[in-house]
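Spelled out from the first residue to the last, the chains are:
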Amino acid sequence: MIQEYHRPLTMSTALQLLSKHGYKPMGGGVGLSRTSEPISVVDLQSLGLDTIKADHQLVAIGATSKLAALNAGHGLSDRLLDAIKIEYSMNQRNAATWGGLLMRSGGSSLLLAMLLAMDCLVMWQPDSKEVRLGDWLPLRASQNPGKIITQIIIPVEVKIQFEYIARSPRDRVELCCVVCNWKTGRKRLCIGGPIEAPILLVDGSGKINPSSVSQNAYSLFRSINTYQKSAINTIITRLITGEQFKW
Amino acid sequence: MVINVAVNGKNYHWEITPGQTLLDVLRREGYFSIKCGGCGNGECGACTVLLDGNSVNSCTMLAAQAAGHQIITVESMGEHPEHGWKTTKGLHIIQQAFIESGAIQCGFCTPAMILAAKALLEKNPEPGEAEVRDALSGILCRCTGYLKPVEAVLSAATKMSHGDIDNVVIATIQTRQAIKITKVPETWHSVGKPKIKVDAIKLAQGKPAFTDDIEMRGILVGKILHSPFAHAEILDIDVSEARKLPGVAAVLTWKDIPRIPYSTAGQSDPIPGPLDTFSLDHKVRFVGDRVAFIAAETNEIAKVGLSLIKVTYQELPAILDSTKSMDKDSVIIHDEPEYKHFADSAPEHNLAAKIRIDIGNVEVGFKQADYIIDGEYEVPKVQQSHIEPHVAITFWDEDDRLVVRTSTQVPFHARRILSGVLQLPIKRIRVIKPRIGGGFGNKQEILVEDVAAHLTIATGRPVRVEYTREEEFMASRSRHPMKIRMKTGVKKDGTITANEMICLSDTGAYGCHALTVTGNTGHKSMALYVGDNEYRKSPNIRFYADIVYTNHPPAGAYRGYGVPQGFWAVERHMERISKKLDMDPIEFRLKNSIRSGELHPFSTAWSEGREPQPEIIHTVGLKECVQQGKAIIGWDQKYGNADWHNIPGIPYLRKGIGIAMVMQGTAIPYLDMGGASIKMNDDGSFNLLVGATDLGTGSDTVLAQMAAEVLGIEIEDIIVYSSDTDFTPFDKGAYASSTTYISGAAVVKAAEQVAERIRIRAANILRTKTGDQTISPESIVLADGRASDPKGMSITFSEIGHNALHHQNQEQIMAVASFVSQVSPPPFAAQFAEVTVDTETGKVIVDNLVMALDCGVIVNPITASGQVEGGMSQALGYAVCEEMRYDEKGVSLDTDWVNYHIFRADEMPKLSTVFIQTFEPSHPFGVKAVAEIPMDGVAPAVGNAILDACGADLNTIPATPERVWEALCTYRGETE
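Source: prediction; values computed, not measured. (Residues numbered from 1 in each chain as written. Chains lettered and ligands numbered in written order. Predicted model: local features only at pLDDT ≥ 70, side-chain atom pairs only at ≥ 80, totals over all residues. Heavy atoms only, no water.)

**As for the overall build of chain B**
Broken down by element type, chain B carries 25 helices and 31 strands. Taken over the C-alpha trace, chain B has a radius of gyration of 28 Å; the compact-globule value for 976 residues is 30 Å, and the two agree within 12%. Summarising its shape, the C-alpha atoms of chain B cover approximately 80 × 80 × 60 Å along the three principal directions. Burial statistics for chain B: of 976 residues in total, 66% are counted as buried. Taking the intrachain contacts of chain B between residues at least 6 apart in sequence as the baseline, contacts between residues at least 24 apart amount to 78%. Within the structure as shown, chain B displays about 31,900 Å² of accessible surface, and the carbon and sulfur contribution to it stands at 50%. The positive charge centre, built from 94 side chains, and the negative charge centre, built from 121, are 2 Å apart in chain B. (Helix = DSSP H or I, 4+ residues; strand = E, 2+ residues; numbered from the N terminus. Rg over C-alpha atoms; globule rule 2.2 N^0.38 Å. Buried < 20%, exposed > 50% of the residue type's maximum accessible area, 1.4 Å probe, protein only. Contact = heavy atoms within 4.5 Å. Areas by Shrake-Rupley, 256 points an atom, 1.4 Å probe, with all protein chains shown as cover. Lys, Arg positive; Asp, Glu negative; His and termini not counted. Charge placed at Lys NZ, Arg CZ, Asp CG, Glu CD.)

Written out as structure tokens, the structure is:
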């Protein structure tokens, strides 16, 4: 139950509020807390964290930028924009923030899997910490590097491909796999599904054996049936062996 | 706290609490155009507003977050063009486009769509179809299939960009097909014409037209405590703490109210099913069953009050597998002594209803067959998912009569059923049905009306009860899940010699609609294929069904009413038989399907209404439906064409094409009655009062068109009102695809009587005016709002109305009429589907749906095609993704629109509709039903298309990737 609402104008005030017990940061507007516990929300919309800056190498997305604010002009892969549309309706994209996405998205989130595969950097306050998404995500439920996400840094020169399985094109994703490929030859492959958060399975530039990657994926699922094994193996194999895996 | 907020260009300072949503505050302030689908989670988008020009969900945003921002609602966009002496700006182009395109059905999501369109067009004046679909992606619509809303936005874009529409080529949607009419009644000026819906203007403006769009002083919030157990006895219930909570006005348990068995099914008297439900009971029979009611000053207090009710349950064994219900050692779900039987109900065996129909002799037919083909099929429990939840408001009026304002399909049945449950005479109850935000059968059920009424009786105050979306999934109704066994005898030449369906239907915890839904499963689907040659005259058909109780939430009425379940089995089975015989699937079906002039095979064996009576089917346009549908989808170019099935460069994708043929019924013969009254006003306009309930289907418009046709006026001169049990004539309500046919015939009869009075008066006036005493009423023609004699003398309806009410031999020209049908003429359709299957993952994309229908004369092509598009969309979900799942304790796993997915605008396949018009002789305008048949064929057509694509032969829907993959594994195992 929300008992107090705060909209701080400075980062220091926001951090001060969030250091109190029962104070929770609030991003956009795609979901409200249903807890019966009394909480106070700290709305981050007036902290100036809603800018998107792009150069040839990186795009820095402010944490309170809406998902809809990212567009083709920012130079990121169209596949990222496709993933946003698959996962979020227009109304949701107009309200959901990038910071909120990182905090709330679950294991089957195609978009979160994509950001993980892209090896995003997440900026936190206090102390201006920079943390790789892959380093933080496994700890997300228990340990955050700071109180507020301020920015997400995404590399531009990355090729992305993904596959996902759902009952219909815009239904909840059941399984997904994202592969990113850098010009340097570096490859990262992530998988999402009925797990806490998407998982990084490959990060390197050597030859990849789809079968062993799949085996590794199976072991990370709490329970997995024959179909899921087959589907995971199929989409991993497709992405690794397909033309799209090369520059 | 106080916020400063700008709404529609005006600044306000509003007192709010920190936790209040923007939705709640805007509706509190009177912005009723913003609707609530009960999800509270931004799933449906009915609560869309524009925040700084962008469409957002107001249910997931705090009002405090909106402070300092600009909010736009539909109230600001346009207004009715006629406001007396005041000049208005008229409707916005987008609103006008939605009205003209037929994009408005129930209208509950319309304001949201219009806002989303506005946001899009302000940023992108000339969008493509994909961009429009993306803009609408956040707003779920269960009625339209999104086709006409998309068309409306494209049309508005063109008008806004180019001004004079007449000189501009309007953006076209590739999927839209022209409606083809094979027989056009050329003399009709209203029937058969694409008239604008009579309620469209108010719905486009977001006017407060729905049940919850009112404010009442002192109204209480009613809520229900639901059972956490699938089956349990309530040993003790302590409400003392809840009653003490400040702000709680009443708490009711089974101890407080009369124990009266009833059925929640809104059907004609006598209810064709067991009376096995109590408003509150000391036993709960499913997770979500009622335990207690509370009325409180606010929603929050009500919730806290519910949490203070202490219940001691004794958990009982639960039956969650319908195949176990009738086992000897199974627990008995209905052991209450008050249980009232109907027909073969046997609660001691957990049997709610039983059907045994034998037509001819199937055993003889099987012996005469060259092959016997068996098959087992299964269909899931699915939810109607109307966007407006169940909602009712009850209060005592100044005469101490109970007024029930409710979103119901059956106001008169609701009044009758409530009368018994509340121990209040019918004359002391008034049921008002405002606009309905979709129902699809689920509002043919008395689900929340009695809750609100009990609380009003207890408190003396108005009470509002509205289900949340979670409650809709947990505690409303659904389509019956069924397990169906088929056995068919067939000769080598493809003649069916005998056809048998054995059905196990799960009615859940209560038997509402148990008998009739499952009866229709066989009555419609097993009537289509009678066999050929001598078997046509004497088909051999068996339909047996057991409808059993389980501890799942009750099933009930859902558009199609048992028939989609039957056709999944029958049409998959026919496909298998044609493969077995190596016959063309269409040729095989047409060879055995029923034809014009033949007896409906079930008409002598079973009726949903009274005793069965032989019924000849006069119009069967099935062959023509097949021809038209084949042409549209390109069947001949695709079916059997190996190249077409492959996608170059992507070897794991395969395309497939499939067909299903279906039939439905039109109303319930000998039983259901519709009534209408028409009265003439002094300006020559007419009030048409109908008890029929337009739940978004456009029936008010269609009824007005029929009246207008008879009276020789435009529908703009007819004011339609539906429904209010105090003022409108009795009507059975909106179900069984009956309104156009039954209520329509009543309207025609009433209009004919009014027309007769008009002719008599016109003849008198003209005789007086002209001195020509040869003018007779029989010679008067009514057209264009005038009564004319053969010599060209005429008088306007306005003059006649004035004359009748004010000047000479005054009378109120009016008539009341009613109609009961002796037949239920079936509509027919050919449904085609095209799919792409990922043969490695089992993922299925439905690319194209084409439906060709014989629904008799189409009164309004726009509303009728909208019905078909919306129906196909619902049926698409049934085919591929919709399924209500439960855990081992009977707890629902799908209580929102995230897990239970219904199709969005940006993922729809192509949709095409073509009407093959026949003239049904039993109706004055030759109509048959259109509302339900679109639900019947999509799933089997998709299933058959999947088979065609890759060999995966599905028994069960939805065709999830996992099920298709498993079927592929079976197929590969069989073929390797």
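**A short note on the sheet that holds strand β2 (residues 23-26) of chain A**
All names here are of chain A. Read across the open sheet, the three strands follow the order β1-β3-β2; overall the sheet is parallel. The open sheet is flanked by β1 (2-6) and β2, the only strands paired with a single partner. On average, adjacent strands in this sheet sit at an angle of 30° to one another, irrespective of strand direction. Pairing analysis gives four bridges linking β2 to strand β3 (residues 39-43), with the strands arranged parallel. Its bridge partner being in β3, Pro25 is matched across the sheet by Val42. Packed onto the sheet, helix α1 (residues 11-18) meets β1, β2 and β3 and runs at close to 135° relative to β2. (Pairing = 2+ DSSP bridges. Axes fitted to C-alpha atoms, helices over the stretch in contact; angles between N-to-C directions.)

**Quick word on the pairing of strand β9 (residues 158-165) of chain A**
All names here are of chain A. Burial of β9 is extensive: six of the eight residues sit out of reach of the surface. Sheet analysis places β9 next to strand β10 (residues 175-182), joined by eight bridges and oriented antiparallel. Considered in β10, the bridge of Gln161 is made with Val179.

**Let's talk about the packing of helix α13 (residues 514-525) of chain B against helix α15 (residues 563-581) of chain B**
Residues and elements named next belong to chain B. Relative orientation of the contacting elements α13 and α15 amounts to 45°, with a least axis distance of 7 Å. If you check the angle between α13 and α15, you find them oblique. Considering only the axes of α13 and α15, their crossing is right-handed. Residues Val517, Asn520, Thr521, Lys524 and Ser525 of α13 touch α15, and the partners they reach there are Val563, Gln565, Gly566, Phe567 and Val570. Residues of the contact of α13 with α15, tallied by class, amount to four nonpolar, five polar and one charged. (Parallel < 35°, antiparallel > 145°, perpendicular 65-115°, else oblique. Left-handed = near helix turned anticlockwise from the far one by under 90°. Nonpolar A, V, L, I, M, F, W, Y, C, P; charged D, E, K, R; others polar.)

**Description of the nonpolar core**
All names here are of chain B. Counting residues in each nonpolar core, the largest one holds 197 residues, and the members touching the most others are Val942 and Ile946. In terms of residue count, helix α3 (residues 110-123) provides more of this core than any other element does, nine residues in total. The residues touching Ile946, leaving out its near neighbours within four places in the chain, are Val835, Val837, Val844, Gly951, Ala952, Leu954, Ala959 and Val964. (Core = buried A, V, L, I, M, F, W, Y, C linked by side-chain atoms within 4.5 Å.)

**Observations regarding the interface of chain B and chain A**
The extent of an interface is frequently quoted as the accessible surface area lost upon association of the parts. Across the contact, 48 residues belong to chain B and 43 residues belong to chain A. Of the roughly 3,700 Å² buried between chain B and chain A, counting both surfaces, carbon and sulfur atoms make up 50%. At the boundary of chain B with chain A, the tally comes to five salt bridges. Across the chain B-chain A interface, the total number found is 27 residue pairs in polar contact (both at pLDDT 80 or more). Every element with two or more residues in the side of chain B that touches chain A is listed here: β4 (54-57), α4 (129-135), β30 (844-854) and α25 (961-975) of chain B. Take the side of chain B that touches chain A: its biggest share by element is four residues, from β4(B). (Buried area = accessible area lost by both parts, 1.4 Å probe. Salt bridge = Lys/Arg side-chain N within 4 Å of Asp/Glu carboxyl O. Polar contact = N/O pair within 3.5 Å; in protein donor to acceptor, adjacent residues only side chain to side chain.)

**Notes on empty space enclosed by the protein**
Residues and elements named next belong to chain B. Under the definition given, this model contains eleven cavities of 30 Å³ or more. Estimated volume of the largest cavity: approximately 570 Å³. Along the wall of the largest cavity there are 41 residues; nearest its centre are Thr697, Ser737, Gln867, Ala931 and Glu932. Looking at the lining of the largest cavity, the elements with two or more residues in it are α20 (699-711), α21 (739-770) and α23 (861-880). Each pocket or cavity is described by its volume, and for the second largest cavity that value is around 240 Å³. What lines the second largest cavity is a set of 22 residues, and nearest its centre among them are His523, Lys524, Ala667, Pro669 and Ser824. A class-by-class count of the residues in the lining of the second largest cavity yields eight nonpolar, ten polar and four charged. (1 Å grid on protein atoms, 1.4 Å probe; cavity = no way out; pocket = protein on both sides within 12 Å on 5 of 7 lines; lining within 4 Å. Points joined across faces, edges and corners; volume = space filled by probe spheres on them.)

**Structural notes on the sheet that holds strand β25 (residues 781-783) of chain B**
Residue and element names in this part refer to chain B. The three strands lie next to each other as β25-β26-β27, forming an open sheet whose pairing is antiparallel. Only two strands of the sheet have a single partner each, and these edge strands are β25 and β27 (794-796). Shown here is a sheet whose adjacent strand axes are inclined to one another by a mean of 20°, direction ignored. Sheet topology note: the strand β26 (residues 786-788)/β27 ladder contains three bridges and is antiparallel. Its bridge partner lying in β27, Ser788 is registered against Ser794.

**What about the side chain of Thr739(B)?**
Residue and element names in this part refer to chain B. When you line up the elements, Thr739 lands in helix α21. According to the relative accessible area criterion, Thr739 is buried, its value standing at 9%. The contacts of Thr739, once residues within four sequence positions are left out, are Ala692, Ser699, Leu703, Lys732, Gly733, Ala734 and Gly744.

**Side note on the pattern of salt bridges**
Residues and elements named next belong to chain B. Within this structure, the stated rule accounts for 73 salt bridges over all chains. Ionic pairing is found between Glu598 and Arg536, a salt bridge with its closest N-O pair at 3.1 Å. Here the residue Glu598 occupies a position in the loop between α16 (585-592) and α17 (622-633), and Arg536 occupies one in helix α14 (residues 534-537), the gap between them amounting to 62 residues. Residue classification places Glu598 among the buried residues on the basis of a relative accessible area of 16%. Between Asp906 and Arg904 there is a salt bridge, with the nearest N and O atoms lying 2.9 Å from each other. This pair shows no difference in class: Asp906 is buried, exactly as Arg904 is. What emerges from the salt-bridge pattern is a single network uniting Arg27, Lys35, Asp212, Asp213, Arg464 and Glu466.

**A word on the packing of aromatic side chains**
With the rule as written, the count across this model stands at 17 aromatic pairs over all chains. Measuring from centroid to centroid gives 5.1 Å for Tyr12(B) and Trp14(B), while their planes differ by 20°, and the two rings are stacked. Judged by relative accessible area, Tyr12(B) falls into the partly exposed class, the value being 26%. A residue is classified by how much of its surface remains accessible, and Trp14(B), at 6% relative accessible area, is buried. Members of the aromatic cluster, each reached through a chain of ring pairs, are Tyr12(B), Trp14(B) and Tyr31(B). In this structure, Arg79(A) packs its charged tip against the face of Phe162(A), placed 4.3 Å from the ring centre. For Arg238(A), the ring lying beneath its charged end belongs to Tyr652(B), and the centroid distance is 3.3 Å. (Phe/Tyr/Trp six-rings, centres within 6.5 Å; stacked < 30°, edge-to-face > 60°. Lys NZ or Arg CZ within 6 Å of the ring centre and 35° of its normal.)

**Focus: the pairing of strand β22 (residues 673-680) of chain B**
Residue and element names in this part refer to chain B. Counting buried positions along β22 gives six out of eight residues, so the element sits mostly inside the fold. Relative to strand β28 (residues 814-820), β22 runs antiparallel, the two sharing seven bridges. Each residue of the ladder has a partner; that of Lys679, found in β28, is Met814. Pairing between β22 and strand β23 (residues 686-690): five bridges, direction antiparallel. Looking at the pairing, Met680 lines up with Phe686 of β23. As consecutive antiparallel partners, β22 and β23 are separated by five residues, and within that stretch Gly684 has a phi angle of approximately 85°, a positive value.

Don't take any of this as a statement about function, it's just geometry.
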